[in-house]
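# Inside the fold
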Amino acid sequence: MKQLVIFDLDGTLLNTISDLGEAANYALSQAGYPTHSLSSYPFFVGNGVRKLLERVLPEDARNDETIDHLHAIFTEYYNSHMTDHTTPYPGIPELLTLLREKGIKVAVASNKYDSAVKSLIAHFFPEIEWAAVEGHKPDVPVKPDPSIVFEILSKVPTPKADVLYVGDSGVDMETARRACVTSCGVTWGFRPESELKKYYAENIVSTPDGILELACSDSMELS
């Protein structure tokens, strides 16, 4: 049995894509740039807000000054609208409750800026006891750099062999690999299963029940 399950946030615990897309489109429109269909946003997200804004800008506008300007607009809008359309994925609240009932600790490691991560977790999962909730902070590298995982482990000392890292993207699978913890990719998020396989996901599940089975199993052979 695992002692700690670390979850990615966007595309893993919460379907945030509409609110992220609307905030990015708002920033683009306010700055006079063309917007994108919401269906295109799953492939823009995953490496933090700055990278999202870089990707949605026209190539000739991708400079620090423009990204800084969009970032300020995006953050102000998103802070007020982050729960407009966002919802937990089916079965996630029940999964978190069952993990805690079994004595397994849960944590969040996200590339989204830290204050938004903490606000979303408090809003959607107020009854869950979290061992750590970590978002991106200035001067800390974003995933797939494993620093955020190490920060969690410094707060929740746990042997790496007893940690399961769950996410929906290649970034998450690479983060787990670099942190030397077991990875689990989920198929309901923003990226296709083929990406999880490309980045050597050790396990892939299609329902939250699969995460529970992995966390409670002595072997990790459900790929």
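Model, not experiment: these values are computed from the prediction.

What follows covers the overall build of the chain. Scanning the chain for helices and strands turns up nine helices and eight strands. Taking 2.2 N^0.38 as the reference for a compact globule, 223 residues should give roughly 17 Å; the C-alpha atoms of the chain span a radius of gyration of 17 Å, in line with that estimate. Considering only C-alpha atoms, the chain reaches an extent of 55 × 35 × 30 Å along its principal axes. Considering only contacts within the chain whose residues lie at least 6 apart along the sequence, 64% involve residues at least 24 apart. If you sum the accessible surface of the chain, you get close to 9900 Å²; carbon and sulfur atoms cover 50% of it. Distance from the positive charge centre (19 side chains) to the negative charge centre (32 side chains) of the chain: 5 Å.

Let us look at the layout of surface pockets. Of the voids in this model, the largest pocket is the one considered here, and its volume is about 180 Å³. Lining the largest pocket are 13 residues, with Val49, Arg50, His71, His136 and Val142 positioned closest to its centre. Along the lines of polarity and charge, the residues of the lining of the largest pocket split into four nonpolar, five polar and four charged.

Positionally, Ser110 belongs in strand β4 (residues 105-113). Apart from the residues lying within four places of it in its own chain, the contact partners of Ser110 are Asp8, Leu9, Asp10, Val117, Glu134, Gly135, His136, Lys143 and Ile148.

Bringing the state of the cysteines into the picture now. Following the criterion strictly, the structure yields zero disulfides and no others. With no disulfide partner, Cys216 has as its closest neighbouring cysteine sulfur the one in Cys184, 13 Å distant.

The sheet built from six strands is open, its strands ordered β5-β4-β1-β6-β7-β8 with parallel pairing. What marks the edges here is a single partner per strand, and that holds for β5 (132-136) and β8 (204-205). One ladder, built from four bridges, connects strand β1 (residues 4-7) with β4; its direction is parallel. Paired with Phe7 across the strands is Val108, a residue of β4. Helix α5 (residues 114-124) contacts β4 and β5 of the sheet and is inclined by roughly 135° relative to β4.

Under the definition given, this model contains six aromatic pairs. Consider the rings of Tyr78 and Tyr113, whose centres lie 6.4 Å apart with planes at 70°: the pair is edge-to-face. Of this pair, Tyr78 sits in helix α3 (residues 64-81) while Tyr113 sits in strand β4, and the two are 35 residues apart along the sequence. By relative accessible area, Tyr78 is classed as buried at 1%. Given the relative accessible area of 13%, Tyr113 is considered buried. Ring plane angle 50° and centroid distance 6.5 Å describe the contact between Tyr89 and Trp188, whose orientation is recorded as tilted. Placement of Tyr89 in the loop between β3 (87-88) and α4 (92-101) and of Trp188 in the loop between β7 (182-186) and α8 (193-198) is noted, with a sequence separation of 99 residues between them. Joined through ring pairs, the aromatic side chains of Phe74, Tyr78 and Tyr113 make up one cluster.

Further remarks concern empty space enclosed by the protein. Using the criterion set out here, one finds two cavities of 30 Å³ or more in the structure. Here the largest cavity defines a volume of roughly 230 Å³. For the lining of the largest cavity, the elements supplying multiple residues, two or more each, are α2 (49-56), β4 and α7 (170-179). Per element, the largest residue contribution to the lining of the largest cavity is three residues, and it comes from β4. Its residues assigned to classes, the lining of the largest cavity comprises six nonpolar, six polar and seven charged. Roughly 40 Å³ of internal volume is contained in the second largest cavity.

Turning our eyes to something else, we now look at the pairing of β5. Of all five residues that make up β5, four are buried, and the element is covered over most of its length. Here β4 pairs with β5 via four bridges, running parallel. Residue pairing in the sheet places Ala107 in a bridge with Ala132 of β5. Running through α5, the crossover from β4 to the neighbouring parallel element β5 is right-handed.

Reading guide: rules and limits
Residues numbered from 1 in each chain as written. Predicted model: local features only at pLDDT ≥ 70, side-chain atom pairs only at ≥ 80, totals over all residues. Heavy atoms only, no water. Helix = DSSP H or I, 4+ residues; strand = E, 2+ residues; numbered from the N terminus. Rg over C-alpha atoms; globule rule 2.2 N^0.38 Å. Contact = heavy atoms within 4.5 Å. Areas by Shrake-Rupley, 256 points an atom, 1.4 Å probe, with all protein chains shown as cover. Lys, Arg positive; Asp, Glu negative; His and termini not counted. Charge placed at Lys NZ, Arg CZ, Asp CG, Glu CD. 1 Å grid on protein atoms, 1.4 Å probe; cavity = no way out; pocket = protein on both sides within 12 Å on 5 of 7 lines; lining within 4 Å. Points joined across faces, edges and corners; volume = space filled by probe spheres on them. Nonpolar A, V, L, I, M, F, W, Y, C, P; charged D, E, K, R; others polar. Disulfide = S-S within 2.5 Å. Pairing = 2+ DSSP bridges. Axes fitted to C-alpha atoms, helices over the stretch in contact; angles between N-to-C directions. Phe/Tyr/Trp six-rings, centres within 6.5 Å; stacked < 30°, edge-to-face > 60°. Buried < 20%, exposed > 50% of the residue type's maximum accessible area, 1.4 Å probe, protein only. Right-handed = clockwise from strand over helix to strand, strands pointing away.

What is shown is where atoms sit, not what they do.
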